[in-house]
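One letter stands for each residue in the lines below.
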Amino acid sequence: QLQASGGGMMQAGGSLRLFCAASGRTFSTVFLAWFRQAPGKEREFVAAIRNSGDYMAYADSVKGRFTISRDPAKNLVYLQMNSLNPEDTAIYYCAADATNRYPASRRVSDYDYWGQGTLVTVSS
C-alpha cells in the first residue's frame, strides 16, 4: 500500500515536501516514484528512486528543482519541491514498480502499485 500526503497551496517560488508512506512489502519494490496529473492532462512522470537509493531519475521539467529521497527506517519516500511555479499545480501520486529495469520507467502502465493523490496548488 502507498499513501501520499503533504500537498497544499503555495505561492510561486515557494517549497513543499511530499511524503509517501509505503508498506514494508511495497517499500521493497525496485522503484518508488512520483507522478502528477494536472487538470485536463495525462498523468506524467516526475521522479523515481531505486530501492538501493543509489539511482534517481527526474523529468526534465523538474530537474534541479525537485529531489526524491527515501528513508528505509520509516518506509517513507519524499519529494522535496523547490522553486515551485504554477505549472507544477497537479495531483501528485506515488507509485511502485516491481520490475528490475534500467533506466527507471516513465510509463504509468509499468507501475504496479499506486497510492491516492495529494493536491499541490501553486499560485502566481
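Remember, predicted model here, so these are calculated numbers, not experimental data. (Residues numbered from 1 in each chain as written. Predicted model: local features only at pLDDT ≥ 70, side-chain atom pairs only at ≥ 80, totals over all residues. Heavy atoms only, no water.)

**Here's the deal with the packing of aromatic side chains**
Each aromatic ring pair is described using two quantities: the centre-to-centre distance and the angle formed by the ring planes.
Logical step 1: With the rule as written, the count across this model stands at eight aromatic pairs.
Logical step 2: A ring pair is formed by Phe31 and Tyr55, whose centres lie 5.9 Å apart and whose planes are at 70°; its orientation type is edge-to-face. With Phe31 in strand β4 (residues 31–37) and Tyr55 in the loop between β5 (44–50) and β6 (56–58), this pair connects stretches of sequence that are 24 residues apart. When sorted by exposure, Phe31 lands in the same class as Tyr55, which is buried.
Logical step 3: Ring centres of Tyr55 and Tyr102 lie 5.2 Å apart, and the angle between their planes is 55°; on these two criteria the pair is classed as tilted. One end of the pair, Tyr55, is in the loop between β5 and β6; the other, Tyr102, is in the loop between β9 (90–97) and β10 (113–114), with 47 residues separating them in the sequence. (Phe/Tyr/Trp six-rings, centres within 6.5 Å; stacked < 30°, edge-to-face > 60°. Helix = DSSP H or I, 4+ residues; strand = E, 2+ residues; numbered from the N terminus. Buried < 20%, exposed > 50% of the residue type's maximum accessible area, 1.4 Å probe, protein only.)

**Considerations on the pattern of salt bridges**
Logical step 1: On inspection of all chains with the given rule, the structure shows eight salt bridges.
Logical step 2: Residue Asp110 is joined to Arg101 by a salt bridge in which the shortest nitrogen-to-oxygen separation is 3.7 Å.
Logical step 3: Overall, Asp110 belongs to the buried group, its relative accessible area being 14%.
Logical step 4: The partner of Asp110 in a salt bridge is Arg107, and the shortest N-O contact between them spans 3.1 Å.
Logical step 5: For Arg107, a relative accessible area of 53% gives the class exposed. (Salt bridge = Lys/Arg side-chain N within 4 Å of Asp/Glu carboxyl O.)

**Observations regarding the confidence of the model for the protein**
Low-pLDDT portions of the prediction should not be read for the details of their coordinates.
Logical step 1: On average, residues of the protein score 95 in pLDDT, and 100% of them are at 70 or above.
Logical step 2: Summarising per-element confidence for the protein, the mean pLDDT is lowest in helix α1 (residues 24–27) (78) and highest in strand β11 (residues 118–123) (98). (pLDDT = per-residue confidence, 0-100.)

**Things to note about the state of the cysteines**
Logical step 1: Evaluation of the coordinates by the stated rule reveals one disulfide.
Logical step 2: What pairs with Cys20 in a disulfide is Cys94, and their sulfur atoms sit 2.3 Å apart. One quick way to see it: the torsion about the S-S bond of Cys20 and Cys94 is about 70°, and its sign makes the bridge right-handed. With Cys20 in strand β3 (residues 16–22) and Cys94 in strand β9, this residue pair connects regions lying 74 residues apart in the sequence. (Disulfide = S-S within 2.5 Å.)

**Observations concerning the pairing of β4**
As a general feature of sheets, a regular strand has side chains that alternate between the two faces.
Logical step 1: Burial analysis of β4 places six of its seven residues in the buried class, the great majority of the element.
Logical step 2: Here β4 pairs with β5 via six bridges, running antiparallel. Paired with Arg36 across the strands is Glu44, a residue of β5.
Logical step 3: Where β4 hands over to β5, the hairpin turn is made up of six residues, of which Gly40 adopts a positive phi near 75°.
Logical step 4: Summarising the sheet, β4 and β9 pair through seven bridges and their orientation is antiparallel. Its bridge partner being in β9, Arg36 is matched across the sheet by Tyr92. (Pairing = 2+ DSSP bridges.)

**A short note on the side chain of Asp110**
Logical step 1: Positionally, Asp110 belongs in the loop between β9 and β10.
Logical step 2: Those residues in contact with Asp110 that sit more than four places away from it in its chain are Asp97, Arg101 and Ser105. (Contact = heavy atoms within 4.5 Å.)

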